[in-house]
Amino acid sequence: MVDAATYSAVESLRNGQRIEIRALKPDDRDTLIAAVGDASAQTLYRRFHGAKRELSEREIAFFMNIDFVNHVALVAVRDEGGQSAIIGGARYIVVQPGQAELAFTVVDRYQGQGIGAALMRHLAAIARTAGIKELIAEVLPENTAMLKVLEKSGCPVSTRRMSMVVHVTLRLS
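Reference entry: report on the structure contained in this document. (Residues numbered from 1 in each chain as written. Predicted model: local features only at pLDDT ≥ 70, side-chain atom pairs only at ≥ 80, totals over all residues. Heavy atoms only, no water.)

### Some words on the pairing of strand β1 (residues 8–12)
Across the two faces of β1 the burial differs, with A9 and E11 buried and S8, V10 and S12 not buried at all. Two elements, β1 and strand β2 (residues 18–23), share five bridges in a ladder whose sense is antiparallel. Along β2, the bridge assignment pairs A9 with I21. The turn joining β1 and β2, which pair antiparallel and follow one another in sequence, is formed by five residues; a positive phi near 90 degrees is taken by G16. (Buried < 20%, exposed > 50% of the residue type's maximum accessible area, 1.4 Å probe, protein only. Helix = DSSP H or I, 4+ residues; strand = E, 2+ residues; numbered from the N terminus. Pairing = 2+ DSSP bridges.)

Below, the structure is given as structure tokens:
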């Protein structure tokens with residue numbers, strides 16, 4: 001069984017750069033806040049389905065309070081000038097036994113390099129070992145990049161257009 005709390009893997013991006021996909025750690029707070037600050041208003045809108053420029057202290061506490069059982073979070077990290085920088089993140093939160101809600105974001109200047117797909121693969125592998133049968137996501141219809149990552153995840157996918165979002169279900173087993 002995979003230990004989500006100590007998870008770490010190295011990935012090569014489309015441009016040949018190597019990044020680490022690893023579990024979010026308590027000391028990642030400042031780099032998580034910096035990553036949100038590096039994301040465009042459009043990227044944050046697509047992630048949170050509303051206008052947002054920064055996270056409140058309550059939201060930061062929620063995003064950092066990971067138990068790696070019902071709330072699992074991975075980050076994509078690379079070295080930037082000798083400092084570790086979060087360039088993307090993915091998480092799932094169990095909403096009922098066997099089903100978890102999925103969300104992920106990639107900082108704008110790193111989009112299109114395969115980070116979302118890598119985060120998806122690793123998070124799905126952790127979810128499978130944890131007994132999760134389905135990952136669900138509510139995606140804005142204009143967020144074609146995320147819809148494409150989900151469709152190309154290698155998992156059976158079903159989509160249902162609702163009033164303002166596309167409800168996506170990935171079957172893991």
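### Observations concerning the layout of surface pockets
In this structure, the largest pocket occupies an estimated 870 Å³ of space. Lining of the largest pocket is provided by 41 residues; of these, F104, T105, A145, M146 and V149 occupy positions nearest its centre. Elements that contribute at least two residues to the lining of the largest pocket include exactly α2 (41–48), α3 (57–64), β4 (83–96), β5 (99–106), α4 (115–129), β6 (134–139) and α5 (144–151). Per-element tally for the lining of the largest pocket: the top contributor is α4, with seven residues. Tallied by class, the residues present in the lining of the largest pocket amount to 19 nonpolar, 11 polar and 11 charged. (1 Å grid on protein atoms, 1.4 Å probe; cavity = no way out; pocket = protein on both sides within 12 Å on 5 of 7 lines; lining within 4 Å. Points joined across faces, edges and corners; volume = space filled by probe spheres on them. Nonpolar A, V, L, I, M, F, W, Y, C, P; charged D, E, K, R; others polar.)

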